[in-house]
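# Working through the structure, step by step
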Amino acid sequence: MRIDIITVLPELLKSPFEASILKRAIEAGLVEVYFHNLRDYTTDNYKTVDDYQFGGGAGMVMMVEPIDKCITKLKSEREYEEVIYMTPDGETLTQGIANQLSLKENIIILCGHYKGVDQRVRDHFITREISIGDYVLSGGELGAAVLCDAVIRLIPGVLGNETSALTDSFQDNLLAPPIYTRPRNYKGWRVPEVLFSGNFPEIEKWREEKAYEHTKKRRPDLLND
Ligand code: ADE
């Protein structure tokens, strides 16, 4: 998979890709991530990427031309299945969306800034608009980092144990059950006996019950989907 991220603040975005699982995925060649600084696609001395809103109103708007130049250049080099715009009014990111995107070959992610982008960018280039939650960030970069993390960990081979993404919370619309490790008894706080039974169908049943109880208590909305 290849991800091209278009941003005015590449430095805000880079560090999550330089540590831990994302770094290993890139080093193993399982994913390629490229950052494109929008200012490199400007034509004036000031490297202007934003301008005042037509019709008046507070806040600057990201201009269509540098974004067009950047996306058009990328598209001339390969085909992209999605051109995603990170914006608080997009569809809310879910595990299902992350699953879908993890199957793509090439995607572009455009990070919004200021008030957002000129509507013509959305009308002519964007195929999907994603929000990471009902709150407003100062730019799309942190949202793009969240999206990339959720997607990249699902690419086969990225996680050590292949089954581990399948048992995450949300993969089956349930939250994950409780988990334990050594010691078996800590200050009298005991690990549930069933986990030592060696009876794997029994353990699986216990986990399913706990996952259901936990979901019912904390996120009953998931059980209605
Ligand atoms: N940009 C600003 N707020 C955002 C959000 N909640 N999700 C994605 N991109 C954003």
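Up top is the structure these notes are about.
Conventions and cut-offs
Residues numbered from 1 in each chain as written. Predicted model: local features only at pLDDT ≥ 70, side-chain atom pairs only at ≥ 80, totals over all residues. Heavy atoms only, no water. Helix = DSSP H or I, 4+ residues; strand = E, 2+ residues; numbered from the N terminus. Rg over C-alpha atoms; globule rule 2.2 N^0.38 Å. Buried < 20%, exposed > 50% of the residue type's maximum accessible area, 1.4 Å probe, protein only. Contact = heavy atoms within 4.5 Å. Lys, Arg positive; Asp, Glu negative; His and termini not counted. Charge placed at Lys NZ, Arg CZ, Asp CG, Glu CD. Pairing = 2+ DSSP bridges. Axes fitted to C-alpha atoms, helices over the stretch in contact; angles between N-to-C directions. Patch = residues over 30% accessible without salt bridge, like charges linked within 9 Å, V, L, I, M, F, W, Y side chains within 5 Å. Areas by Shrake-Rupley, 256 points an atom, 1.4 Å probe, with all protein chains shown as cover. Salt bridge = Lys/Arg side-chain N within 4 Å of Asp/Glu carboxyl O. Core = buried A, V, L, I, M, F, W, Y, C linked by side-chain atoms within 4.5 Å. Arc of directions from axis to C-beta. Near = heavy atom within 4 Å. Polar contact = N/O pair within 3.5 Å; in protein donor to acceptor, adjacent residues only side chain to side chain. 1 Å grid on protein atoms, 1.4 Å probe; cavity = no way out; pocket = protein on both sides within 12 Å on 5 of 7 lines; lining within 4 Å. Sits in = over half its atoms within 2 Å of the grid points. Nonpolar A, V, L, I, M, F, W, Y, C, P; charged D, E, K, R; others polar.

The next subject is the overall build of the chain. Scanning the chain for helices and strands turns up 8 helices and 9 strands. In terms of overall size, the chain is more extended than a compact globule, its C-alpha atoms giving a radius of gyration of 22 Å where 225 residues would be expected to give roughly 17 Å. Here the C-alpha coordinates of the chain stretch approximately 70 × 40 × 35 Å along the principal axes. A burial count over the chain gives 39% of its 225 residues as buried. Within the chain, counting contacts between residues at least 6 apart in sequence, those at least 24 apart form 74% of the total. The positive charge centre, built from 27 side chains, and the negative charge centre, built from 35, are 7 Å apart in the chain.

Now for the sheet that holds strand β2 (residues 32–37). With respect to topology, 5 strands assemble into an open sheet ordered β2-β1-β6-β5-β7, the strand pairing being parallel. Sheet topology places β2 and β7 (128–131) at the edges, where each strand pairs with a single neighbour. The mean inter-strand angle of the sheet, taken between neighbouring strand axes irrespective of direction, is 30°. The sheet contact formed by strand β5 (residues 82–92) and β7 spans 5 bridges and is parallel.

Here the focus is a nonpolar patch on the surface. Residues Leu12, Tyr135, Leu137 and Leu142 make up a contiguous nonpolar surface patch of about 360 Å² in total accessible area. The residue Leu137 is located in the loop between β7 and α6 (141–152) in this model.

A few words on the nonpolar core. Core analysis: the biggest nonpolar cluster contains 31 residues, and Ile3, Ile5, Ile109, Leu147 and Ile152 have the highest contact counts within it. Looking at this core, the elements that each hand over two or more residues are β1 (2–7), α2 (20–27), β5, α4 (95–102), β6 (106–111) and α6. When residues in this core are grouped by element, the largest group, 7 residues, is from α6. Apart from residues lying up to four places away in sequence, Leu147 is in contact with Ile84, Met86, Leu93, Leu101, Ile109 and Ile130.

Turning our attention to α4. Listed in full, the buried residues belonging to α4 are Gln95, Ile97, Ala98, Leu101 and Ser102. Across the axial projection of α4, the buried residues extend over an arc of 160°, all falling on one side. The inward-facing, buried residues of α4 contact β5, β7 and α6.

Below, the discussion takes up unusual backbone geometry. For the peptide bond that leads from Arg182 to Pro183, omega is 0°, which places it in the cis range. Locating Pro183 in the fold gives a position in the loop between α6 and β8 (185–186). The backbone of Ser20 shows a phi angle near 60°, a positive value even though the residue is not glycine. Residue position: Ser20 is located in helix α2.

The subject of this paragraph is the site of the ligand. Around the ligand sit Met86, Thr87, Pro88, Ile130, Ser131, Ile132, Gly133, Tyr135, Val136, Leu137, Gly139 and Gly140, and those are all the residues in its vicinity. One of the backbone N or O atoms of Ile132 is found 2.9 Å from a nitrogen atom in the ligand. In this structure, a nitrogen atom belonging to the ligand sits 2.8 Å away from a main-chain N or O atom of Tyr135. Taken by itself the ligand offers 260 Å² of open surface, and the protein chains cover 96% of this. Under a 2 Å grid-point criterion requiring more than half of the atoms, the pocket assigned to the ligand is the second largest pocket. Residues of the shell around the ligand, tallied by class, amount to 7 nonpolar, 5 polar and no charged.

So, to be careful, I would describe these as geometric facts and stop short of saying anything about function.
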